[in-house]
Structure formats: structure tokens, C-alpha cells
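The residues making up each chain are set out below.
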Amino acid sequence: MSFTLPDLPYAFDALEPRIDARTMEIHHGKHHAGYVKKLNAAVEGTNWAELPVADVCARIDEVPAELRTAVRNNGGGHFNHSLFWTIMGPKGGGEPKGDLAAALKKHFDSFDGFKKRFTEAATGRFGSGWAWLIAVNGGDLAVTSTKNQDNPLMTGLDDFEGKNGTPLLGLDVWEHAYYLKYQNRRPDYIEAWWSLVDWDAVARRFADAESLVSA
Ligand code: MN
């Protein structure tokens, strides 16, 4: 068994004009594909090749030291991008409903309060990385950010800067995610990205995170 590149759930040009088709082609077909290929090369012949990538991330501190950096970078890259494609869509935008909306209001005072906090995490991440909305202990929410291809599932890393939890929403702020269209204007990319967020997909992830804790 090995890790595979998931198909995009929409066409390369489906997120136009906010994210251009060429960026999506390169991002999915070169960057994400590269993480999958390098992850497979790193774990070939080990038991790590048999686990879901989320489990590999969550157990990164158990990965043998000689493999750990490659698995961290490429396993993180595979998990993060697999999530990223599914929380965006051509019919995205607006605001969440139901339990997720109530939880965001509880933790950030309002949806706008959450949006502001998340936008600060995304614009403030120096260099390459991700901004995250995470579920901590099931129903509690937090915003955090990680460098490179790290993610909040990764525990036990000496230099992990983020807060641990289950990723519900992630935003890629590597330049490869926006440079062709936005060049150095990361804030413009982030602003445009909000109208692509598929809140139903995020709400499903939240419901799953809650059920893990109450089970
Ligand atoms: Mn990326």
C-alpha cells in the first residue's frame, strides 16, 4: 500500500477568478504530487506506509529519527493539501450555520471576530506555512498557525510552534498558493479565499471531531 494523490473535487478553473487555474494545476499536480511521491519514498517498506496519513502526522514523534524530517515535511504536505482541496469550492463563502456557527460565536464572540483572528494568523505567519481553525478536546475551537508543512496533529516535536488539535479549516500561505496571481499581496489572496470556503465541509469535520470525543 502507498499514499496516493486525491483527485481535486472540482475542475482546475472552478475557483476562478479568486484562484486561477494555472495555480491550481501546479499546486495540485506538482506540489501536492511531489509530497506524495517523496512521502512514499521515505516510508517504503516500513509500517508507516500502512497507516492513514493523519495517523502518521499524529505519531510523528514515533517515526525513526532518520526518516522523521522527510515524513514530517511530506506527510504534512500530503495531509494539509488533501484537507485544503476539500474545504474550498466554487459554491463557497458566506457564513457557517448550526453547531459550528454557535461554537465560533462562543469562542470568538462573533463570526467576524473569528475571521479577524484567523486572518491575523494567516497574514502574520512569517515565510511559508498554514493558518488553522482547530478543535481542541472536541467542541472547543482555537486558531493557530504552523510553519512549513507542519500541522496541529503533530505532537512531540521540539520546535513545533502551533497548538495541537484536530484541523477543521486550513489555509495555505506558501507563496506557491498565490504568487502567480497575487505576487506579494498575501492579504488580497486571503481576502479572496474567504469567499471560497465550503462551510458545510468544515461543519462536517467539526461534527466528526465532536463525535470522536463523545464516543
Ligand atoms: Mn501548498
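Use the structure listed above.
Residues numbered from 1 in each chain as written. Predicted model: local features only at pLDDT ≥ 70, side-chain atom pairs only at ≥ 80, totals over all residues. Heavy atoms only, no water.

Side note on helix α5 (residues 111-124)
Part 1 of the reasoning: Taking 1.5 Å of rise per residue, 14 residues should cover 20 Å, and α5 covers 20 Å from first to last C-alpha, within 8% of that figure.
Part 2 of the reasoning: Within α5 the residues assigned to the buried category are F111, F114, F118, A121 and A122. Take α5 and look down its axis: the buried residues cluster within an arc of 95°, on one side only. Of the exposed residues in α5, the ones pointing more than 90 degrees away from its buried face are D112, K116 and G124. (Helix = DSSP H or I, 4+ residues; strand = E, 2+ residues; numbered from the N terminus. Expected span 1.5 Å × (residues − 1). Buried < 20%, exposed > 50% of the residue type's maximum accessible area, 1.4 Å probe, protein only. Arc of directions from axis to C-beta.)

Digging into the nonpolar core
Part 1 of the reasoning: M88, F114, F118, L133, L169, Y189 and W193 are the most contacted members of the largest nonpolar core, which totals 66 residues.
Part 2 of the reasoning: No other element matches strand β1 (residues 129-136), which puts seven residues into this core.
Part 3 of the reasoning: Here L133 is in contact with L104, F108, F114, F118, L141, A142, V143, T166, P167, L168 and L169, once residues within four sequence places are set aside. (Core = buried A, V, L, I, M, F, W, Y, C linked by side-chain atoms within 4.5 Å. Contact = heavy atoms within 4.5 Å.)

A few points about the coordination of the manganese ion
Perfect tetrahedral coordination of a metal by four donors corresponds to 109.5 degrees between them, and perfect octahedral coordination by six donors corresponds to 90 or 180 degrees.
Part 1 of the reasoning: Looking at the metal site, the manganese ion is ligated by H27 (NE2), H81 (NE2), D172 (OD) and H176 (NE2), spaced 1.9 to 2.1 Å from it.
Part 2 of the reasoning: The sequence pattern describing where the donors of the manganese ion fall on their chain is H-x53-H-x90-D-x3-H. Of this pair, H27 sits in helix α1 (residues 21-43) while D172 sits in strand β3 (residues 166-172), and the two are 145 residues apart along the sequence. In terms of burial, H27 and D172 fall into one category: buried. (Donors = N, O, S within 2.8 Å, 3.2 Å for Na, K, Ca; no water.)

Some words on α1
Part 1 of the reasoning: Taking 1.5 Å of rise per residue, the 23 residues of α1 would be expected to cover 33 Å, and the 32 Å separating its terminal C-alpha atoms lies within 8% of that figure.
Part 2 of the reasoning: Remark: the principal bend of α1, roughly 30°, maps to H27.
Part 3 of the reasoning: Here α1 has its buried residues at A21, T23, M24, H27, H28, H32, Y35, V36, L39, N40, A42 and V43.
Part 4 of the reasoning: G45 occupies a position one or two residues after α1 and carries a positive phi of about 80°. (Bend = angle between axes of the 7 residues up to and from the residue.)

Brief notes about the pattern of salt bridges
Part 1 of the reasoning: Taken as a whole, this structure holds nine salt bridges when the rule is applied.
Part 2 of the reasoning: In this structure, K147 and D159 form a salt bridge, with 3.1 Å as the shortest nitrogen-oxygen distance. Of this pair, K147 sits in strand β2 (residues 140-147) while D159 is found in the loop between β2 and β3, placing the two residues 12 residues apart along the sequence.
Part 3 of the reasoning: Residue classification places D159 among the partly exposed residues on the basis of a relative accessible area of 36%. (Salt bridge = Lys/Arg side-chain N within 4 Å of Asp/Glu carboxyl O.)

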